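# Descriptive analysis of the structure
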Amino acid sequence: MKSAITQQTQHILNLIAKRDLNDDEKKQLIDETVDNFNAYINPGFLQYRKSFSPDYVAVEWADSGSTFTCVKGIEYIDCLGGYGIYNVGHRHPKVLKAVTDQLNRQALHSQELLDPLRGYLAKILADLAPGNLKYTFFTNSGTESVEGALKMAMLATGRRTIIAAVGGFHGKSLGSLSATSKAVFRKPFLPSLHNVRHIPFNDLHALEQTLACLQFTGDDAAAVLLEPILGEGGVIIPSDDYFPGVRRLCDKYGALLIADEVQTGMGRTGKMFCVEHWNVEPDILCLGKAFGGGIMPAGAFIGSEKLWTPIFSNPFLHTTTFGGNPLACAAAIATINVLLEERLCERAQTVGDIFLNKLKSTIKPYTPHLILDARGKGLLIALEFPDTDIGFRVSKGLFQEKILVAGTLINAKTIRIEPPLTITLEQIDNVINALSKVLKEIASEMKVQLINESITKPTPIPMNNLQQTVLSRQL
């Protein structure tokens, strides 16, 4: 057995070292990947993957810029973005170099000597984050960031109740799952770890009622945990007065405001952090996904000195083995450098506006029979459909046109468009043309009457002076 495993692992290592495979190797890789998923991971995954069907299997092999390439050499424009991890693009040279340079010297930390990159990155975040956010705890993922933030809120306030939003998503580890709202994820594990009250998103009256009731009963809220935009909930964008109002109510009732920026942070919505659109300073800010530059798993939660004071005397109340390791810190530092140097936050806003306008123009003939809405902020965009079946048909049709998209985990009628912030205008036009073709084919199959048959090809959207200036510098 050991000899067979040794040979097997060496075969895989040889495979990793190759850039190109011959036809026999490609077939073997595809067959073995499907077999391994079925027998050793979860056969259910294959039923949900557009990349798998009886007559077609796509196994990823390489990536670059804004594209994935499967083992057969077919290139896909990535409008899924790994659920939001590729903000600076796939394998950005500067991020890749930083990680490689660090790896060539040291991979992981000793846990005893002081690791310099963790200190440098914490200082950068203190300079970058809104207001008085100063101290950082590093994690390996977004759900870990939320877990730590919840613990910190309870420790700082002495309270135990958390308020979260219906439609919110904060992860699936046991603590963060308590705040995630969808029953299908929660029910198998109830009762949840935390006392969580879910309220309607973008409803200040509901929030104040809940805070007041909790105060009256002595169950005062430790924190209000919210995504600035509900990502998995279907890219639900709040009114401009919502987050300033949430901040005011948190202050009034002594609750902390935790901003879950795992998906909206790192430039995705046109600002480094989405709460900056409304000039709101949270008490704790959570990061993940794109924080590691699409190369390393990395996350963080950041708070004020006042919040961190309870763990100054005992920093071992919350610890991690791999969080803040040198490779992850190198990736995050390079990612921040790229976002600022290439002005990708501004680019997300500019290109996002262009993309959204083109989407709205493309879907207009098919509204509301095939598609209900296109909405977004920056390059966090969603298309919403009348039902899940149409949404799946559109996403599958786009996959056949070599465009990657996916549904959201909370609102199944919605598919997200979350490409790298480096996506080009040419690639956007390819996406628009593919969507137009797919919608037309589905409308024909369903015999849907178009609003205006003459609008079957998207019309060019003129750029304003700001858009032209930004794009001329960056494209």
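Anything mentioned here points back to the structure above.
Not measured: the values here are computed from a predicted model.

### Let's talk about helix 7 (residues 142–157)
- The terminal C-alpha atoms of helix 7, which comprises 16 residues, lie 23 Å apart, in line with the 22 Å expected from a rise of 1.5 Å per residue.
- Every buried residue of helix 7 is accounted for by Gly142, Ser145, Val146, Glu147, Gly148, Ala149, Leu150, Met152, Ala153 and Met154.
- Immediately beyond the C-terminal end of helix 7, within one or two residues, lies glycine 158, with a positive phi of roughly 75°.

### Some details on the side chain of glutamate 232
- Checked against the element boundaries, glutamate 232 lands in the loop between strand 9 (221–226) and helix 11 (242–253).
- Contacts of glutamate 232, omitting those with residues within four sequence positions, involve Phe169, Glu227, Gln263, Thr408, Leu409, Ile410, Asn411 and Arg416.

### Remarks on the environment of glycine 324
- With respect to the secondary-structure elements, glycine 324 resides in the loop between helix 12 (305–308) and helix 13 (326–341).
- Sequence separation of glycine 324 and leucine 108 is 216 residues, and the distance between their C-alpha atoms is 9.3 Å.
- Not counting residues up to four positions away in its chain, the partners in contact with glycine 324 are His109, Asp115, Arg118, Phe138, Thr139 and Cys329.

### Some thoughts on the side chain of aspartate 63
- Tracing the sequence through the fold places aspartate 63 in strand 3 (residues 60–64).
- At 2.8 Å, the side chain of aspartate 63 and the side chain of histidine 90 are in polar contact.
- Look past the residues within four positions of aspartate 63 in its chain and what remains in contact with it is Phe68, Tyr86, His90 and Arg91.

### As for the sheet that holds strand 6 (residues 135–139)
- Strands sit in the order 6-12-11-10-9-7-8 across an open sheet of seven strands; the sheet is mixed. If you trace the sheet from one side to the other, it starts and ends with strand 6 and strand 8 (195–199), each paired once. For this sheet, the mean angle separating the axes of adjacent strands, direction not counted, is 20°.
- Bridge analysis of strand 10 (residues 256–260) against strand 11 (residues 284–287) gives three bridges, and the strand direction is parallel. Bridging from a neighbouring strand, alanine 259 pairs with leucine 285 of strand 11.
- Docked against the sheet, helix 6 (residues 116–128) engages strand 6, strand 11 and strand 12 (299–303), running at close to 125° with respect to strand 6.
- Packing against the sheet, helix 7 makes contact with strand 6, strand 7 (161–165), strand 9, strand 10, strand 11 and strand 12, and its axis sits at approximately 165° to strand 11.

### Side note on the nonpolar core
- Membership of the largest hydrophobic core comes to 70 residues, with the highest contact counts inside it found for Cys79, Leu125, Phe291, Phe355, Leu359, Leu383 and Val394.
- With sequence-adjacent residues up to four places away left out, phenylalanine 355 is seen in contact with Cys79, Leu379, Ile381, Ile417, Pro419, Ile428, Val431 and Ile432.
- Among the nonpolar cores identified, the runner-up in size contains 26 residues, and Ala165, Phe201, Val235 and Phe243 belong to it.

Conventions adopted
- Along every chain, residues carry numbers that run from 1 in the direction the sequence is written.
- Under the rules for a predicted model, residues below a pLDDT of 70 receive no local features and side-chain atom pairs below 80 are neither given nor counted, while totals for whole chains, interfaces and linings still include all residues.
- The side-chain values count all of the structure's non-hydrogen atoms but skip hydrogen atoms and water molecules.
- Runs of H or I in DSSP of at least four residues are treated as helices and runs of E of at least two as strands, each being numbered from the N terminus.
- Take the residue count of a helix, subtract one, and multiply by 1.5 Å to get its expected span.
- Summary of the burial criterion: residues with accessible area below 20% of their type's maximum are buried, those above 50% are exposed, and those between are partly exposed, where the area comes from a 1.4 Å probe applied to protein chains only.
- Contact between two residues is taken to exist if any of their heavy atoms lie within 4.5 Å; hydrogens are not considered.
- Polar contacts, as used here, are pairs of N or O atoms within 3.5 Å; protein pairs need one atom able to donate a hydrogen and one able to accept it. Residues neighboring in sequence count only if both atoms are side-chain atoms.
- At least two DSSP bridges between two strands are required for those strands to pair.
- Simply put, an axis is a line fit to the C-alpha atoms, just over the touching stretch for a helix, and the angle between two N-to-C directions goes from 0 to 180 degrees.
- Nonpolar cores are built from buried Ala, Val, Leu, Ile, Met, Phe, Trp, Tyr and Cys residues. Side-chain atoms within 4.5 Å join them into one set.

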